[in-house]
Amino acid sequence: MKGQINLIHATGAAKRPGRDSRRFTTMASRAKIKARHFSTHIDLPPSAREQLIDMLNDHLADAFDLMSQTKQAHWNVKGKDFYSLHLLFDEAAGELAEFVDELAERAVSLGGYATGTARMAAANSALPEYPTDAVDCSDHVRALVERFGLFASRVRTAIDAAGEMGDQSTADLYTEISRAIDKRLWFLEAHVQREA
Ligand SMILES: [Fe+2]
């Protein structure tokens with residue numbers, strides 16, 4: 001149905017004979033989410049708002065995914081710097097949770113629909129999955145450096161994109177996130193950095 005969230009249906013082995021074949025998939029990578037839009041008095045052109053909402057939802061997915069991956073590191077890190085990294089990772093995850101909320105609320109403010117469940121985020125995130133073989137401090141720091149670096153890059157690009165679409169408020173949100181993520185990246189990289 002037009003304008004509805006459309007989680008696609010499981011196929012193959014996931015289907016059970018005799019039951020409705022239209023079942024929601026548990027495989028997030030198969031989820032397709034159709035955009036929904038709502039009327040608003042915000043005076044940005046509809047086409048710009050639609051692009052901004054899509055972009056915000058993309059970064060909502062990234063931020064949600066990165067938050068959960070940072071928690072994964074918080075729980076599983078081992079080694080001589082365990083406690084300081086355990087705390088550092090938790091602080092970063094808490095900050096990402098705030099950005100998840102701000103990105104979602106900006107998408108809704110623009111007349112959009114926030115696609116913010118864990119499954120939606122997993123389906124839409126541009127980040128690679130967290131390595132399950134990471135054990136010691138440097139494994140986790142390097143995995144997070146790679147992912148925070150990718151997210152930082154995507155957010156930086158979004159600052160200009162939002163500005164070019166005439167939405168300085170969204171550009172400002174991205175600028176705030178960009179500055180904070182760059183700082184988090186520094187806190188992580190300082191553990192493994194060498195002189196260039
Ligand atoms: Fe904790």
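Residues numbered from 1 in each chain as written. Predicted model: local features only at pLDDT ≥ 70, side-chain atom pairs only at ≥ 80, totals over all residues.

Participant: Teacher, can you tell me more about the overall build of the protein chain here?
Facilitator: Helix and strand counts for the protein chain come out as five helices and zero strands. Counting from the amino terminus, helix and strand elements in the protein chain follow one another as α-α-α-α-α. Within the span of the protein chain, comprising 196 residues, buried residues form 31% of the whole. At a minimum sequence separation of 6, the contacts of the protein chain that also span at least 24 residues come to 71%. (Helix = DSSP H or I, 4+ residues; strand = E, 2+ residues; numbered from the N terminus. Buried ≥ 20, exposed ≤ 12 C-beta atoms within 10 Å, placed from the backbone. Contact = placed C-beta atoms within 7 Å.)

Participant: Before we go on, may I ask you to explain the nonpolar core in this structure?
Facilitator: Side chains of nonpolar character tend, in soluble globular proteins, to be buried together. Core analysis: the largest hydrophobic core is formed by 42 residues, its most contacted members being Leu60, Ala63, Val100, Leu103 and Ala107. If you list the elements that add at least two residues to this core, you get helix 1 (46-76), helix 2 (82-109), helix 3 (118-124), helix 4 (137-164) and helix 5 (168-189). Per element, the largest residue contribution to this core is eleven residues, and it comes from helix 1. In contact with Leu60, not counting residues within four places along its chain, are Val100, Leu103, Ala104, Ala107, Ala114, Thr115 and Gly116. (Core = buried A, V, L, I, M, F, W, Y, C linked by C-beta atoms within 7 Å.)

Participant: Would you mind going over helix 2 with me for this structure?
Facilitator: End to end, helix 2 covers 40 Å across 28 residues, agreeing with the expected 40 Å (1.5 Å per residue, within 8%). Every buried residue belonging to helix 2 is among Leu85, Leu88, Phe89, Ala92, Leu96, Phe99, Val100, Leu103, Ala104, Arg106 and Ala107, and all of these are buried. One or two steps after helix 2, the chain reaches Gly111, where phi turns positive at roughly 95 degrees. (Expected span 1.5 Å × (residues − 1).)

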